[in-house]
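# Understanding the architecture of this molecule
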Amino acid sequence: MQRWRGLADIPEDWGRSVVTIGSYDGVHRGHQLIIRHAVDRARELGVPAVVVTFDPHPSEVVRPGSHPPLLAPHHRRAELMADLGVDAVLILPFTTEFSKLSPAEFVVKVLVDRLHAKAVVEGPNFRFGHKAAGDVEFLIEQGKVYDFEVEVVDLYVRGEAGGGEPFSSTLTRRLVAEGDLAGAAEILGRPHRVEGVVVRGAQRGRELGFPTANVETLPHTAIPADGVYAGWLHVDGEAMPAAISVGTNPQFDGTERTVEAYAIDRVGLDLYGLHVAVDFLAFVRGQAKFDSLDGLLVQMAEDVKRCRELVAAQER
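Residues numbered from 1 in each chain as written. Predicted model: local features only at pLDDT ≥ 70, side-chain atom pairs only at ≥ 80, totals over all residues. Heavy atoms only, no water.

As recorded by an unreviewed UniProt entry, the protein chain carries the name Riboflavin biosynthesis protein and is attributed to Streptomyces achromogenes. Looking at the protein chain in UniProt, the text filed under Sequence similarities (unreviewed entry) is "Belongs to the ribF family." (UniProt positions renumbered as here; feature names shortened; annotations may be inferred.)

Moving on, we get to the packing of helix α5 (residues 103-112) against helix α6 (residues 136-146). Where α5 meets α6, the axes come as close as 11 Å, and the angle between the chain directions of the two elements is 55°. Judged on the interaxial angle alone, α6 and α5 are oblique. Once α5 is placed against α6, the crossing between them reads as right-handed. Contacts between α5 and α6 involve P103, A104, V107, V108, L111 and V112 from the former and F138, L139, Q142 and Y146 from the latter. (Axes fitted to C-alpha atoms, helices over the stretch in contact; angles between N-to-C directions. Helix = DSSP H or I, 4+ residues; strand = E, 2+ residues; numbered from the N terminus. Parallel < 35°, antiparallel > 145°, perpendicular 65-115°, else oblique. Left-handed = near helix turned anticlockwise from the far one by under 90°. Contact = heavy atoms within 4.5 Å.)

Another aspect to go through is the pattern of salt bridges. All told, the structure shown has 19 salt bridges when counted by the stated rule. For E44, the salt bridge identified is with R41, shortest N-O distance 2.8 Å. One end of the pair, E44, and the other, R41, are both in helix α1 (residues 29-45), three residues apart, so they sit about a helical turn from each other. Taking relative accessible area as the criterion, E44 reaches 60% and is therefore assigned exposed. A relative accessible area of 17% places R41 in the buried class. When salt bridges with common partners are traced through the structure, they connect R41, E44, E149 and E151 into a single cluster. (Salt bridge = Lys/Arg side-chain N within 4 Å of Asp/Glu carboxyl O. Buried < 20%, exposed > 50% of the residue type's maximum accessible area, 1.4 Å probe, protein only.)

By size, the foremost hydrophobic cluster in this structure holds 31 residues, and its most contacted members are Y229, L233, I244, V278 and F280. Secondary-structure elements contributing two or more residues to this core are α7 (169-178), α8 (181-188), β7 (192-199), β8 (213-217), β9 (227-235), β10 (238-247), β11 (258-263) and β12 (275-285). The element best represented in this core is β10, accounting for four residues. Other than its neighbours up to four places away in sequence, Y229 contacts G179, L181, P224, A242, A243, I244, V246, F280, A282, F283, V284 and C307. Listed in part, the 28 residues of the second largest apolar core include W4, W14, F98 and V120. (Core = buried A, V, L, I, M, F, W, Y, C linked by side-chain atoms within 4.5 Å.)

Spatial strand order, β1-β4-β3-β2-β5-β6: six strands in an open sheet with parallel pairing. At either margin of the open sheet sits one strand with a lone partner, and together these are β1 (2-5) and β6 (149-152). Ignoring strand direction, the axes of neighbouring strands in this sheet form an average angle of 25°. Helix-sheet contacts for helix α3 (residues 74-83) involve β1, β3 (49-55) and β4 (88-93), and the interaxial angle to β3 is about 165°. (Pairing = 2+ DSSP bridges.)

Quick look at the pairing of β6 now. The two faces of a sheet get side chains in turn, since along a regular strand they alternate between them. As paired strands, strand β5 (residues 117-122) and β6 are joined by four bridges and run parallel to one another. Across the sheet, the residue bridging to V121 is E151, located in β6.

Residue position: V39 is located in helix α1. Sequence spacing of V39 and V89 is 50 residues, and the spatial spacing of their C-alpha atoms is 12 Å. Those residues within four positions of V39 in sequence are excluded, and the remaining contacts are A49, L84, G85 and V86.

Laid out in structure tokens, this is it:
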């Protein structure tokens, strides 16, 4: 799959394509409906399928300081899109200047002049251009002028998550923040993932017999609620069952919020400086401060046992 950052990266000889545009944070099951439809239509027309997305999130430029927690960084979204059959991902730098493009200018500059759209696939509430003035109806009219089709796909899937609310990135972020990782996984179609580089912490876990990877998460990452979770620690393509702690470590009067993962039954791991991923399977318990260090150790052993059971059951 080709990955372009900015319009200038698109090959000069790029031909017609099927395009879908959106933030697509998380590439959740609703997003997957739209992207798969775009891919299927591209195959029917014999042209590539292209996803157009933005960095940073448009809200950060339009309303500075409002950047939402991210469910997946751009490289992860690209991986997920590639799995769906997408041929190219275009990440447009969302600047103040870019935000001022009118809907008509956006159509010409992006869809017509550079991507030579043959079809555009979007959800029913798609908005674009300066002050989100463009909508699906406007896009359809532009398609008649510039010779591209517009297909609208209902992305609203429902399940048990959020009490039956339509699946969305906003709902997923809320469930992650509340620690409802089962609900988030139902929407995403996979466990919620946090990525980052392993850095040196206080090394208390090592002293207590549970050495953890202290993950310095990427900016704006959606971090689950404080507590202990079962999941996996991904290192160099290997998924290791893990007990994961999120919080400030109140037992030792900590103040900095961290994500730490203990690779269950693994010894001698040296992960410092490595980029790793942590998948959250299930909530085990909330963060707590114990009366004694012995009490903490007993609970940690119970946590690891419970996490081992939960991961094993999922893998079965």
